[in-house]
Structure formats: C-alpha cells, structure tokens
Amino acid sequence: MRKAVKGSRKEEIGEDVSYLDINQLELAYINRAIDDPRKEAPPFVEIGKNKRILLIQKRNLESFCRKKGKEYKKGPLETELRGVLGGRKGLSIGCFLFR
C-alpha cells in the first residue's frame, strides 16, 4: 500500500474510493452507451437509447464538469468507472450528494 502525502486527495478519500461524483458517473455511462449501444448497462442505471439525446446530455455534462473543475475526459472517466465496476474502488456517499 502506498503512503499518502499529507494533504493529498488520496489521504482524504483513501486509495480504494473513487473520485467520481454523480455527474461524472452519469457521463461515464453515457460515453459507454454512445460508443457501444449494444452494451447492457447495469440494472441500477437507466439512460435513454436515443443517440441524439445522449450526445446532448454528454455535451451538457461535460460543460458542467468543466465549470466545476472536475474531470470530464472520456479516458480517465472510463478508467475510474472500470475500477468501480471491477470492485477495486467504491463510490463514496458524497457521490450521491447534491451541492
């Protein structure tokens, strides 16, 4: 296990907790749905199938994340989502809090 640097983000949330918030989580699932519409989403995720609507949602979420200074790029979000779905990382309760 790596040692956390005092004041670092890893120290605040731990190595096994994802940094995703609810908007980033939704954006990661929308990216997956756009890339491969045949891929089934988990039963707890309900997003539309209309590609045009998904692209609008994606643009809006990316804009929102940029304004808030949060990660919005497809690659890092997909990596983080795979960590959560693979069981290597968990979602913090803060992910579901609206601020």
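Everything discussed here concerns the structure shown above.
As a starting point, this report considers the structure included with it. (Residues numbered from 1 in each chain as written. Predicted model: local features only at pLDDT ≥ 70, side-chain atom pairs only at ≥ 80, totals over all residues. Heavy atoms only, no water.)

### Some thoughts on the packing of aromatic side chains
Going through the model one piece at a time under the given rule, you end up with zero aromatic pairs. A cation over a ring is seen here: Arg66 above Tyr72, with NZ or CZ 4.8 Å from the ring centre. (Phe/Tyr/Trp six-rings, centres within 6.5 Å; stacked < 30°, edge-to-face > 60°. Lys NZ or Arg CZ within 6 Å of the ring centre and 35° of its normal.)

### A look at the nonpolar core
Judged by nonpolar contacts, the single largest core of 14 residues is most densely connected at Leu25, Tyr29, Ile30, Leu54, Leu77 and Leu81. Listed by contribution, the elements that provide at least two residues to this core are α2 (22-35), α3 (51-68) and α4 (74-85). In terms of residue count, α2 provides more of this core than any other element does, seven residues in total. Those residues within four positions of Leu77 in sequence are excluded, and the remaining contacts are Tyr19, Leu20, Gln24, Leu27, Ala28, Glu71 and Tyr72. (Core = buried A, V, L, I, M, F, W, Y, C linked by side-chain atoms within 4.5 Å. Buried < 20%, exposed > 50% of the residue type's maximum accessible area, 1.4 Å probe, protein only. Helix = DSSP H or I, 4+ residues; strand = E, 2+ residues; numbered from the N terminus. Contact = heavy atoms within 4.5 Å.)

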